[in-house]
Amino acid sequence: MTDPVRVLQPLDAAEAAIRKLTDYEAADELARALQATWAAVQRALRLLLRSDPATPDELRLTALSIEDLPPARLLEVLRQRDLISLELAGQLHELQQAAQRAEGGAQRAADADLARRVAERVRAEVHMLAERPVREAARHAVASRMIEETAHAVPPPGAGRRFVFLAASVALLILVVLAIVVLVALDRQTDKAIAAFRAGRLETAETRFREVLEDEPENVTALLYLGRVYRRQQRHHEAAEVLQQAARLNSGDADVYRELGHLFLALGQLRPAAKQYRHALDLDPEEQLNWIALVRALRALGDPAAERLLRAAPPEVRAALARGP
């Protein structure tokens with residue numbers, strides 16, 4: 001199943017650039033925002049393809065490589081595998097052209113509106129894709145009439161045990177469908193909380209993430225984002241508590257350890273921050289943000305290992321660090 005948090009991480013990291021599409025003050029600011037948004041959108045789409053278990057290995061292995069899988073081919077593959085809509089594919093093609101124009105200094109005001117729409121559409125379609133297996137399971141249960149109970153005024157002789165078994169099976173299936181409905185509702189509640197966080201409405205986001213955790217105390221995504229809310233509010237002790245809880249629940253979640261690194265960095269503790277970034281990179285070496293965070297932390301420490309790490313980093317990481325913060 002698609003993990004929206006993982007796939008949409010590049011868009012989360014590009015929040016500042018996406019906001020700049022609205023409040024840019026100069027043409028060159030718009031140009032940089034367009035290019036950064038296109039890069040983040042493209043990275044999210046590549047992660048989407050990489051995460052699809054039905055995609056052939058040769059495509060998944062090259063999904064993150066611009067050289068092996070150029071943007072035009074990427075969009076073609078995503079459409080063939082029904083991972084994006086035809087409308088989104090067309091908008092993505094337009095955004096690529098806008099980013100190319102911006103690189104040459106020929107950006108347009110309308111390009112900002114397009115880029116915002118594309119970023120929002122990518123988020124929406126990734127979340128819909130994540131819910132697809134659940135919706136299909138529920139739809140199949142209803143369409144196949146599996147949750148309808150056949151009434152028998154007088155069961156035929158010898159049918160008592162079969163009737164009891166059928167009733168129990170139907171009851172179990174109803175419980176499964178209800179559980180699916182509850183899970184979908186929780187996912188939507190989490191999505192609303194994440195949307196509030198991305199919009200900068202931190203108090204609303206905190207309230208909604210707490211509501212999610214009341215129903216699902218071990219929801220690592222809610223704990224991670226609650227930690228992000230607390231860090232932005234400089235509530236560092238509370239951030240540490242929820243992030244440590246998230247790490248205990250899922251010791252393999254690289255995003256949690258990267259956020260712990262950000263927390264240590266906010267506290268001015270560079271060495272512990274670098275340690276957390278290193279752990280995140282070990283867990284997920286395919287995530288560009290883990291490389292960038294660790295290189296920057298090591299550079300701040302004056303550690304020569306930073307440049308050795310940079311030489312081993314993927315080309316996209318070197319390019320991102322060359323552009324600066």
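Keep in mind the model is a prediction, meaning the values are calculated, not measured.

Criteria and thresholds
Residues numbered from 1 in each chain as written. Predicted model: local features only at pLDDT ≥ 70, side-chain atom pairs only at ≥ 80, totals over all residues. Heavy atoms only, no water. Helix = DSSP H or I, 4+ residues; strand = E, 2+ residues; numbered from the N terminus. Buried < 20%, exposed > 50% of the residue type's maximum accessible area, 1.4 Å probe, protein only. Contact = heavy atoms within 4.5 Å. Areas by Shrake-Rupley, 256 points an atom, 1.4 Å probe, with all protein chains shown as cover. Phe/Tyr/Trp six-rings, centres within 6.5 Å; stacked < 30°, edge-to-face > 60°. Lys NZ or Arg CZ within 6 Å of the ring centre and 35° of its normal. Axes fitted to C-alpha atoms, helices over the stretch in contact; angles between N-to-C directions. Parallel < 35°, antiparallel > 145°, perpendicular 65-115°, else oblique. Left-handed = near helix turned anticlockwise from the far one by under 90°. Nonpolar A, V, L, I, M, F, W, Y, C, P; charged D, E, K, R; others polar. Salt bridge = Lys/Arg side-chain N within 4 Å of Asp/Glu carboxyl O. pLDDT = per-residue confidence, 0-100.

Draft legend 1. How the structure looks around the overall build of the protein chain. Each helix and strand in the protein chain was counted, giving 17 helices and 0 strands. In the protein chain, which comprises 325 residues, the proportion classed as buried is 45%. Taking all contacts inside the protein chain whose residues are at least 6 apart in sequence as the whole, residues at least 24 apart take part in 59%. Within the structure as shown, the protein chain displays about 17200 Å² of accessible surface, and the carbon and sulfur contribution to it stands at 55%.

Draft legend 2. Molecular detail of the packing of aromatic side chains. In the structure shown here, the tally under the stated rule is 2 aromatic pairs. Judged by centre distance (5.3 Å) and plane angle (85°), the rings of Phe-197 and Tyr-225 are edge-to-face. Note that Phe-197 is positioned in helix H9 (residues 160-198) and Tyr-225 in helix H11 (residues 220-232), a separation of 28 residues in sequence. An angle of 20° between the planes, with centres 5.6 Å apart, marks the rings of Phe-209 and Tyr-225 as stacked. Placement of Phe-209 in helix H10 (residues 202-215) and of Tyr-225 in helix H11 is noted, with a sequence separation of 16 residues between them. For the residue pair Phe-209 and Tyr-225, the accessibility class agrees, reading buried in each case. Here the aromatic residues Phe-197, Phe-209 and Tyr-225 are joined through ring pairs into a cluster of three or more. Over the ring of Tyr-225 we find Arg-228, and its NZ or CZ is 4.7 Å from the ring centre.

Draft legend 3. The packing of helix H13 (residues 254-266) against helix H14 (residues 270-283), seen in detail. Across the interface, H13 lies against H14 with an axial gap of 8 Å and an inter-helix angle of 165°. With respect to their mutual orientation, H13 and H14 come out roughly antiparallel. For H13 against H14, the interelement crossing comes out left-handed. For the pair H13 and H14, the contacting residues are Ala-254, Tyr-257, Arg-258, Leu-260, Gly-261, His-262, Phe-264 and Leu-265 in the first and Leu-270, Pro-272, Ala-273, Gln-276, Tyr-277, His-279, Ala-280 and Leu-283 in the second.

Draft legend 4. Highlighting the side chain of Arg-198. Take Arg-198: it is sitting in helix H9. Beyond its immediate chain neighbours, meaning those up to four positions away, Arg-198 contacts Leu-8, Asp-12, Glu-15, Arg-19, Arg-123, His-127 and Tyr-225.

Draft legend 5. Fine view of the side chain of Arg-46. Turning to its location among the elements, Arg-46 is positioned in helix H4 (residues 27-51). Sequence-distant contacts of Arg-46, defined by excluding residues within four places in its chain, comprise Ala-63, Leu-64, Ser-65, Ile-66, Leu-69, Pro-70, Pro-71 and Leu-74.

Draft legend 6. How the structure looks around the packing of H11 against H13. At a closest axis distance of 10 Å, the pairing of H11 and H13 adopts a crossing angle of 15°. Taken together, the axis directions place H11 and H13 in an arrangement best described as roughly parallel. Where H11 crosses over H13, the two elements pack in a sense that is left-handed. Mapping the contact onto sequence places Val-220, Leu-224, Gly-227, Arg-228 and Arg-231 in H11 and Asp-255, Val-256, Arg-258, Glu-259, His-262 and Leu-263 in H13. The residue inventory of the contact of H11 with H13, partitioned by class, reads 4 nonpolar, 2 polar and 5 charged.

Draft legend 7. Molecular detail of the pattern of salt bridges. With the rule as written, the count across this model stands at 21 salt bridges. The salt bridge involving Glu-87 is made with Arg-121; its shortest N-O contact spans 3.1 Å. Highlighted residues: Glu-87 in helix H7 (residues 86-103) and Arg-121 in helix H8 (residues 109-143), separated in sequence by 34 residues. Residues participating in the shared-partner salt-bridge network are Glu-206, Arg-210, Arg-235 and Glu-238.

Draft legend 8. Spotlight on the confidence of the model for the protein chain. Mean pLDDT over the protein chain stands at 84; residues scoring 70 or higher make up 81%. Segment residues 145-152 is flagged for pLDDT under 50; beyond a separation of four residues in sequence, or across chains, it makes 14 contacts in the model.

Draft legend 9. Structural context of unusual backbone geometry. In the Ramachandran plot, Asp-82 falls in the positive-phi region, its phi being about 60° despite a non-glycine side chain. Following the sequence through the fold, Asp-82 ends up in the loop between helix H6 (71-80) and H7. Positive phi, close to 60°, is recorded for Gln-234, a residue that is not glycine.

Draft legend 10. Broad picture of the environment of Leu-78. Its place among the elements puts Leu-78 in helix H6. According to the relative accessible area criterion, Leu-78 is buried, its value standing at 0%. For the pair Leu-78 and Leu-49, spaced 29 residues apart in the sequence, the C-alpha separation amounts to 6.9 Å. Discounting chain neighbours no more than four positions away, the residues touching Leu-78 are Leu-45, Leu-48, Leu-49, Leu-83 and Ile-84.

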